[in-house]
Amino acid sequence: NRGLLTHNGTALTRLIPYRISKSVVLIGRGKELVNAVQHAMDSGTDVMFMCMGSYPRPMIEAVAREAYYRGVIWVCAAGNEVEVVVAPALYEGTVAVAAINPDDRPWKGSSNGPMVDIAAPGEKVYVPGWDKERREVMSYGDGTSYATPHVASAAMLWKACHLNELRKRYNAPWQVVEAFRWCLMRYARKDAALPTGLYGAGVLNVDALLRGKLPAAND
């Protein structure tokens, strides 16, 4: 956890991975997903992100609803190389992320649709990995799996930035999720050449997100 939100050598947050499948396509792994989400929620998580996708399933919809009402910001990849937004990103309680390229245009493999909330960098993203000898290397990657962590990281920064005010302003846990979505979409960059209504409110703008005011509870 070195380097992630640290102050004077003390980690301010924990990043906990849950390994539930070797593939990003979840087939027959719904129960593993639900168990992982339940464990994360019971452990007091603030933000979850998921770069996997599945076909719609009642158990996934149910756990997405539970996470929402418990105030967990669950950021999900919209999907790659398929025509529709995948589960759990398609469920209203989650934050669905599509991918764009360095020119602020849609990444050609990104799922899109009215369920998408925001777009973030997902083409030719410089990421760590392993070579054949299991040595650490850096390479370029494409996909909504790379766009999603951008938004999840922004959610962590946003919550850390506004933690005290969030506690005072909102009585219901789900209002925190909606406040983040409201800010995420309101302060997104609108100048990108993205099809209207398919890639959310625009492109993730972390600086504006952290500087922007929170919505009133009634909003």
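Scroll up to find the structure.
Residues numbered from 1 in each chain as written. Predicted model: local features only at pLDDT ≥ 70, side-chain atom pairs only at ≥ 80, totals over all residues. Heavy atoms only, no water.

Draft legend 1. A look at the side chain of Asn101. Within the secondary structure layout, Asn101 lies in the loop between β5 (95–100) and β6 (118–121). Beyond its immediate sequence surroundings of up to four residues, Asn101 is in contact with Pro106, Trp107 and Glu123. (Helix = DSSP H or I, 4+ residues; strand = E, 2+ residues; numbered from the N terminus. Contact = heavy atoms within 4.5 Å.)

Draft legend 2. Inspection of helix α3 (residues 144–169) at higher detail. Taking 1.5 Å of rise per residue, 26 residues should cover 38 Å, yet α3 covers just 32 Å from first to last C-alpha, more than 12% shy of that figure. The largest bend in α3 comes to about 70°, at His162. If you check which residues of α3 are buried, you get Thr144, Ser145, Ala147, Thr148, Val151, Ala152, Ala154, Ala155, Trp158, Lys159, His162 and Leu166. The elements touched by buried residues of α3 are β3 (47–50), β4 (73–77), β5, β6, α4 (174–186) and α5 (206–211). (Expected span 1.5 Å × (residues − 1). Bend = angle between axes of the 7 residues up to and from the residue. Buried < 20%, exposed > 50% of the residue type's maximum accessible area, 1.4 Å probe, protein only.)

Draft legend 3. Spatial organisation of the sheet that holds β5. Reading across from one edge, β3-β4-β5-β6 is the order of the four strands in this open sheet, with parallel pairing throughout. Unpaired on one side and paired on the other, β3 and β6 mark the two borders of the sheet. For this sheet, the mean inter-axis angle between neighbouring strands, taken without regard to orientation, is 30°. As defined by bridge partners, β3 adjoins β4 across four bridges and the pair is classed as parallel. Residue pairing for β4: Phe49 is matched across the bridge by Val75. Where α4 meets the sheet, its contacts fall on β4, β5 and β6, and the angle it forms with β5 comes to roughly 25°. (Pairing = 2+ DSSP bridges. Axes fitted to C-alpha atoms, helices over the stretch in contact; angles between N-to-C directions.)

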